[in-house]
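Observations on the three-dimensional arrangement
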There are 2 protein chains.
Amino acid sequence: MRFGALEAGGTKMVCAVGTEDGKILDRVSIPTESPEVTMPALCQYFQDKEIAALGIGCFGPIDLDRASATYGHILMTPKLAWRGYDICGYFSEHLKVPVGFDTDVNGSMLGECTWGCAKGLDTAIYVTVGTGVGVGVIAGGKLLHGMQHPEAGHMLIPAREDDPYKGKCPYHGHCLEGLAAGPAIEERWGAKGQALKDRPEVWELEAHYLAYAVTNYIMILSPKKIILGGGVMHQEQLFPQIREKVTQMLGGYLQTKELGAMDDYIVPPSLGDDQGILGALKLGMDALEG
Amino acid sequence: MRFGALEAGGTKMVCAVGTEDGKILDRVSIPTESPEVTMPALCQYFQDKEIAALGIGCFGPIDLDRASATYGHILMTPKLAWRGYDICGYFSEHLKVPVGFDTDVNGSMLGECTWGCAKGLDTAIYVTVGTGVGVGVIAGGKLLHGMQHPEAGHMLIPAREDDPYKGKCPYHGHCLEGLAAGPAIEERWGAKGQALKDRPEVWELEAHYLAYAVTNYIMILSPKKIILGGGVMHQEQLFPQIREKVTQMLGGYLQTKELGAMDDYIVPPSLGDDQGILGALKLGMDALEG
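These figures come from a predicted structure and were not determined experimentally. (Residues numbered from 1 in each chain as written. Chains lettered and ligands numbered in written order. Predicted model: local features only at pLDDT ≥ 70, side-chain atom pairs only at ≥ 80, totals over all residues. Heavy atoms only, no water.)

A few words now on the overall build of chain A. Looking only at helices and strands, chain A has 8 helices and 10 strands in total. Against the globule reference of 19 Å for 290 residues, chain A gives a C-alpha radius of gyration of 19 Å, in line with a compact fold. For chain A, the spread of C-alpha atoms along the principal axes amounts to about 55 × 40 × 35 Å. For chain A, contacts bridging at least 24 residues in sequence account for 61% of all contacts bridging at least 6. Averaging the locations of the 24 positively and 36 negatively charged side chains of chain A gives two centres separated by 1 Å. (Helix = DSSP H or I, 4+ residues; strand = E, 2+ residues; numbered from the N terminus. Rg over C-alpha atoms; globule rule 2.2 N^0.38 Å. Contact = heavy atoms within 4.5 Å. Lys, Arg positive; Asp, Glu negative; His and termini not counted. Charge placed at Lys NZ, Arg CZ, Asp CG, Glu CD.)

We now examine the relation of the copies chain A and chain B. Copy one and copy two of the chain differ by a rotation about an axis and a translation along that axis. With an RMSD of 0.0 Å, chain A superimposes on chain B once it is rotated by 180 degrees and translated 0.0 Å along the axis. Taken together, these values place the two copies in the relation of a two-fold axis. In terms of C-alpha distance to the rotation axis, chain A has Pro158(A) as its closest residue, with the C-alpha 3.0 Å off the axis. A shared binding surface is used by both copies, with 100% of the interface residues of chain A retained as interface residues in chain B. (Least-squares fit on C-alpha atoms with pLDDT ≥ 70 in both.)

So, about the sheet that holds strand 8 (residues 142-143) of chain A. Residues and elements named next belong to chain A. Spatially, 8-7-6-9-10 is the arrangement adopted by the 5 strands of the open sheet, whose pairing is mixed. The strands lining the two open edges of the sheet, one partner per strand, are strand 8 and strand 10 (266-267). With respect to the sheet, helix 6 (residues 200-221) is in contact with strand 6 (124-129), strand 7 (133-139), strand 9 (226-229) and strand 10, its orientation differing from that of strand 6 by roughly 155 degrees. (Pairing = 2+ DSSP bridges. Axes fitted to C-alpha atoms, helices over the stretch in contact; angles between N-to-C directions.)

Take the packing of aromatic side chains next. Residue and element names in this part refer to chain A. Counted according to the given criterion, the structure contains 14 aromatic pairs over all chains. Taken together, a centroid distance of 6.4 Å and an interplanar angle of 85 degrees make the contact between Tyr-71 and Phe-101 edge-to-face. Of this pair, Tyr-71 sits in the loop between strand 4 (54-58) and helix 2 (87-95) while Phe-101 sits in strand 5 (residues 99-103), and the two are 30 residues apart along the sequence. Exposure remark for Tyr-71: the relative accessible area of 19% places this residue in the buried category. (Phe/Tyr/Trp six-rings, centres within 6.5 Å; stacked < 30°, edge-to-face > 60°. Buried < 20%, exposed > 50% of the residue type's maximum accessible area, 1.4 Å probe, protein only.)

Now for the interface of chain A and chain B. Each partner contributes residues to the interface: chain A has 45 residues there, and chain B has 45 residues. A buried area of about 3,800 Å², summed over both sides, lies between chain A and chain B, and 63% of it is on carbon and sulfur atoms. Considering only the side of chain A, the residues that lose the most area to chain B are Met147(A), Ile220(A) and Tyr253(A), jointly responsible for 22% of the buried surface there. Applying the counting criterion to the chain A and chain B interface returns 0 salt bridges. Counting across the chain A and chain B interface gives 24 residue pairs in polar contact (both at pLDDT 80 or more). (Buried area = accessible area lost by both parts, 1.4 Å probe. Salt bridge = Lys/Arg side-chain N within 4 Å of Asp/Glu carboxyl O. Polar contact = N/O pair within 3.5 Å; in protein donor to acceptor, adjacent residues only side chain to side chain.)

Our next topic: the pattern of salt bridges. Scanning the entire structure with this criterion turns up 30 salt bridges over all chains. Across the pair Arg160(A) and Asp162(A) runs a salt bridge, and its minimum N-O distance is 2.9 Å. A salt bridge links Glu201(B) to Arg199(B); the nearest nitrogen and oxygen atoms lie 2.7 Å apart. Assessed through its relative accessible area of 36%, Glu201(B) is described here as partly exposed. The exposure class of Arg199(B) is partly exposed, given its relative accessible area of 33%. Salt bridges linked by common partners bring Arg160(A), Asp162(A), Glu204(A) and Lys245(A) together as one network.

All names here are of chain A. Along helix 5 (residues 182-189), the residues classified as buried are Ala-184, Ile-185 and Arg-188. Axial view of helix 5: buried residues confined to an arc of 100 degrees, hence all on one face. Those residues of helix 5 that are buried lie in contact with helix 4 (176-180) and helix 6. Downstream of helix 5 by one or two residues, Gly-190 has phi in the positive range, about 80 degrees. (Arc of directions from axis to C-beta.)

As a further point, take unusual backbone geometry. Among all residues except glycine, the phi angle is most often negative; among peptide bonds, the trans geometry is most common. Residue and element names in this part refer to chain A. With an omega of -5 degrees, the peptide bond running from Gly-60 to Pro-61 counts as cis. As for its placement among the helices and strands, Pro-61 is situated in the loop between strand 4 and helix 2. Its identity as a non-glycine residue notwithstanding, Glu-50 has a phi of 55 degrees, on the positive side. Residue position: Glu-50 is located in the loop between helix 1 (35-47) and strand 4.

Further remarks concern the sheet that holds strand 4 of chain A. Residue and element names in this part refer to chain A. The 5 strands lie next to each other as 3-2-1-4-5, forming an open sheet whose pairing is mixed. Two strands bound the open sheet, and with one partner strand each, they are strand 3 (24-31) and strand 5. When the angles between neighbouring strand axes are averaged without regard to direction, this sheet yields 15 degrees. As paired elements, strand 1 (residues 2-8) and strand 2 (residues 12-19) share 7 bridges and run antiparallel to each other. Bridged to Ala-8 within strand 2 is Met-13. Each of strand 1, strand 2, strand 3 and strand 4 touches helix 1; the most contacted strand, strand 2, lies at about 15 degrees to it. Along the sheet, helix 2 makes contact with strand 1, strand 4 and strand 5, crossing strand 5 at roughly 160 degrees.

Attention shifts here to helix 1 of chain A. All names here are of chain A. For helix 1, built from 13 residues, the straight-helix expectation of 18 Å at 1.5 Å per residue is met to within 8% by its first-to-last C-alpha distance of 17 Å. Listed as buried for helix 1 are Pro-35, Thr-38, Met-39, Leu-42, Cys-43, Tyr-45 and Phe-46. Within helix 1, the buried residues cover an arc of 155 degrees as seen down the axis, which keeps them to one side. Facing away from the buried surface of helix 1 by more than 90 degrees, the exposed residues are Glu-36 and Gln-44. (Expected span 1.5 Å × (residues − 1).)

Here we take up the packing of helix 1 (residues 35-47) of chain B against helix 2 (residues 87-95) of chain B. All names here are of chain B. As a packed pair, helix 1 and helix 2 sit with axes 11 Å apart at the nearest point and diverge in direction by 40 degrees. Here helix 1 is positioned oblique relative to helix 2, judged by the angle of their axes. With respect to the hand of their crossing, helix 1 and helix 2 are arranged in right-handed fashion. Counting all contacts with helix 1, which are made through Met-39, Pro-40, Leu-42, Cys-43, Phe-46 and Gln-47, the residues of helix 2 involved are Ile-87, Tyr-90, Phe-91, His-94 and Leu-95. A class-by-class count of the residues in the contact of helix 1 with helix 2 yields 9 nonpolar, 2 polar and no charged. (Parallel < 35°, antiparallel > 145°, perpendicular 65-115°, else oblique. Left-handed = near helix turned anticlockwise from the far one by under 90°. Nonpolar A, V, L, I, M, F, W, Y, C, P; charged D, E, K, R; others polar.)

Our focus in this paragraph is the pairing of strand 9 (residues 226-229) of chain B. All names here are of chain B. Side chains of strand 9 alternate between two faces, with Ile-226 and Leu-228 and Ile-227 and Gly-229 buried alike. Judged from the 2 bridges that link them, strand 9 and strand 10 (residues 266-267) form a sheet pairing that is parallel. Its bridge partner lying in strand 10, Ile-226 is registered against Ile-266. In terms of handedness, the path from strand 9 via helix 7 (residues 238-250) over to strand 10 forms a crossover that is right-handed. (Right-handed = clockwise from strand over helix to strand, strands pointing away.)

All names here are of chain A. Two strands pair when backbone bridges link them, and strand 2 and strand 3 are joined in this way by 7 bridges, in the antiparallel orientation. Residue pairing for strand 3: Val-17 is matched across the bridge by Asp-26. Hairpin connection, strand 2 to strand 3: the antiparallel pair is bridged by 4 residues, and Gly-22 has positive phi, about 80 degrees.

As structure tokens, then:
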């Protein structure tokens, strides 16, 4: 059986067709323009692929409440053309297949839980650190939805004493995204992260903020695995620093087998860059099962 | 059918017998001494009560991993006599009924979900602010367990600029418990909370810390209801201040119907002081169902 997968991002839409065993048979990338331009192009791609269902991992915020009149819609995004857009409804109507829908980061979490390094775990988190910070959560074997979905990238955290930066987030200033996402790195240091590779002070501070956040995710969610992905995490020197700082910040309070094996606890994604599209594929498979 | 319920605390053990409809038929309170003294007394209470199962809401940390060799044991508590104690095993052996087991705060959360103000909600939190800060979490309809249970009272938060207090937590200094639990209030201001009722600056600062934490619980867990209980929350003037500060701290980033009705979103417990013992009763009922 074939399933459609869509990783819906603010810059590009990655479309793929795959099978139940997590094999991607075909994929294309389409630039994200307005819904009027982009949605017919996406439908055209999926139309003749004989898919049994479609799964969408979507930029947020999105409405995931099945009891809501706007279930499957994109909510208050700064991408104005997409604000309030009924993305699920459009696909349901035009493709006439079941549509699974979740956030892009919950999708990546699901990909890692199904075919990656979090396979078999009922509680874990996937953090992406890039243009923003997003967090996907699986808790008790289910992707976490509450009154909305987690927005854990906007967790409030304090600026470190030696960091006078005011924070990039227009809502919170000093939240994780405001202090540690790519645009914050660029504004604080005056260059993009890639150009700062040889400045250890950049990554020591970045590791501090990420470790502070990870420590709190541990306290609140008790995840069995923490996956850190996204463009900023391509700076691989961050991983050992984050692991060390998390251990320090926990202060010996928690003693678990997972925390005793930090190299296997705080890890990069295991599916190359395919965790998102594979998660969308699984969302499609789950939608067919109802 | 009758069920046993035990609220196991560091100071006292509350034992009760109740029925499926959440009615408590009988209850006693027994001081917490060593297991050798206390456990036989607890067993004696339950022994002739014809209970079909026993539920325990227990002080932590505890082992909730059913695959673990120490499932049902108390872990690294500062209460030395109870460290490593197999509390579930003792009751299973002596009462010969199914035993349900969770943290005291997950128990209170379950009580509120079953018979209280969180009835019917699949995602919510119960925070107790007293000698320490504990947080019970229901996510996707299940009490949250991960590598352990949440320890969200130890979320790291910054001291406010006008608060020179170093924090009471021996592990973290500036975590929620270290800055906002009863002993922190007493050490910072030189008197117990009850004696500080007429000092508005005490409660304004307390509301700040609790609001900072609640804001982060919202970002990470997206709960549909936030219940704040425990001795410190008997200072009812905290509630309006916390609601106002949470709204400010969220900065308009999230727009949900729950946040639009703050008086109904951040609330005191709804079951008098019975949420804990009723939750333990439900843990017993669930244990019988397996």
